[in-house]
Amino acid sequence: MLAFAGVLVLALLTGCSSVAGTGDRGYILGNGQVSVVDAADRGKPIDLDGTTLDGKPLSIADLRGKPTVINVWWSQCGPCRAEAPDLVSAYDKIGKNASFVGLNIRDTSADQGLDFEREHDVPYPSIYDPDGAAILAFAGHVRLSAPPSTVVLDDQGRVAGVISGAIPSVRTLVDLVDEVSHDG
């Protein structure tokens, strides 16, 4: 636990800088801040069903039993593009011990999202959410219209951790998932 706290402090000190407002990009940058929710304070499991970018149904409830990493992204979001290689690296390190799902918001076609996934060799599925209905499952946890954000659900499907903005490092996400895996 102490090692994890040290990694979080380091990540916060070395993460992306905070930018106020939307600037000319149409989104607000997060600062990579990591929030951990104590097991006793987690709400009900997230209820989220959707259709992936390639047209297949996906229910987050089917992934329960191990932590689930949900990354909120958009193909034209600079920080989303920058963090994509780190998310793929984190998946490569812990994909057997956690499920990964993207949540694609703001793209006007699934093809835009699929192009992004091919460009970055994303190995996990993404729910396509152009109307913003799916992201509402995370209201109160993430900025609903300002990607990126990464949510870690515990093995019961409850929000256990949130990274606001781009993930500060592969190690930060790996340690967060590890902490969630061992807190129950």
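The structure reproduced in this document is the subject of the present report. (Residues numbered from 1 in each chain as written. Predicted model: local features only at pLDDT ≥ 70, side-chain atom pairs only at ≥ 80, totals over all residues. Heavy atoms only, no water.)

**Structural notes on the overall build of the protein chain**
We apply this condition: Strands here mean DSSP runs of E at least two residues long; helices mean DSSP runs of H or I at least four residues long; both are numbered from the N terminus. Buried, partly exposed and exposed residues are distinguished by accessible area as a fraction of the type maximum, computed with a 1.4 Å probe on protein chains only: under 20%, between the cut-offs, and over 50%, respectively.
Broken down by element type, the protein chain carries four helices and eight strands. Every one of the 184 residues in the protein chain was classed for burial, and the buried ones make up 48%.

**A few points about the sheet that holds strand S6 (residues 126–129)**
As a reminder, the rule being used: Think of it this way: DSSP has to see at least two bridges between two strands before they count as a pair. Every angle, taken between N-to-C directions, lies between 0 and 180 degrees, and every axis is a line fitted to C-alpha atoms, over only the stretch in contact when it is a helix.
Taking strand neighbours across the sheet as the criterion, the six strands line up as S1-S8-S7-S4-S5-S6 in an open arrangement whose pairing is mixed. Every other strand in the sheet has two partners, leaving strand S1 (33–36) and S6 as the edge strands with one partner each. Strand-to-strand, the axes of this sheet are offset by a mean angle of 15°, without reference to chain direction. Note: S1 against strand S8 (residues 159–164), four bridges, orientation antiparallel. Bridge pairing in S8 links Ser 35 to Val 162.

**Description of the pattern of salt bridges**
Selection criterion: A pairing counts as a salt bridge when a side-chain nitrogen of Lys or Arg comes within 4 Å of a carboxyl oxygen of Asp or Glu.
Taken as a whole and judged by the stated rule, the model has six salt bridges. Close ionic contact of Asp 154 with Arg 42 constitutes a salt bridge, the shortest N to O distance being 3.0 Å. Placement of the pair is Asp 154 in the loop between strand S7 (149–153) and S8 and Arg 42 in the loop between S1 and strand S2 (49–51), with a sequence separation of 112 residues. Grouping residues by exposure puts Asp 154 and Arg 42 together as buried. Several salt bridges converge on common partners, so that one network encompasses Arg 42, Asp 154 and Arg 158.

**Some remarks on the side chain of Thr 68**
What counts, and what does not: Should any heavy atoms of two residues lie within 4.5 Å, those residues are considered in contact.
When you line up the elements, Thr 68 lands in strand S4 (residues 68–73). Accessibility expressed as a relative area gives 3% for Thr 68, which makes it buried. Leaving out residues up to four positions away in the same chain, Thr 68 has contacts with Leu 63, Ser 99, Val 101, Val 151, Val 152 and Leu 153.

**Re the packing of helix H2 (residues 78–94) against helix H4 (residues 170–181)**
What counts, and what does not: Working definition: roughly parallel below 35 degrees, roughly antiparallel above 145 degrees, roughly perpendicular at 65 to 115 degrees, and oblique for all remaining angles. With the far helix as reference, a near helix turned anticlockwise by less than a right angle produces a left-handed crossing, and one turned clockwise produces a right-handed crossing. Think of it as three bins: nonpolar holds Ala, Val, Leu, Ile, Met, Phe, Trp, Tyr, Cys and Pro, charged holds Asp, Glu, Lys and Arg, and polar takes everything else, Gly as well.
At a closest axis distance of 9 Å, the pairing of H2 and H4 adopts a crossing angle of 40°. Here H4 runs oblique to H2, going by the angle between their axes. The handedness of the crossing between H2 and H4 comes out as right-handed. Where H2 approaches H4, its residues Asp 86, Leu 87, Ser 89, Ala 90, Lys 93 and Ile 94 are matched on the opposing element by Val 170, Leu 173, Val 174 and Val 177. Here the contact of H2 with H4 is composed, by residue class, of seven nonpolar, one polar and two charged.

**Describing the environment of Asp 92**
Structurally, Asp 92 is set in helix H2. For Asp 92 and Pro 123, which are 31 residues apart along the polypeptide, the C-alpha to C-alpha distance reads 9.0 Å.

**So, the environment of Val 174**
Structurally, the position occupied by Val 174 is in helix H4. The buried category is assigned to Val 174, whose relative accessible area is 9%. Between the C-alpha atom of Val 174 and that of Ser 89, which follows or precedes it by 85 residues, the distance is 9.6 Å. Sequence-distant contacts of Val 174, defined by excluding residues within four places in its chain, comprise Ala 90, Lys 93 and Ile 94.

**Focus on unusual backbone geometry**
In this chain, Pro 147 is followed by Pro 148 through a cis amide linkage whose omega measures 0°. Backbone geometry places Asp 121, a non-glycine residue, at a positive phi of 50°. Among the secondary structure elements, Asp 121 is positioned in the loop between helix H3 (110–119) and S6. For Asp 121, a relative accessible area of 60% corresponds to the exposed category.

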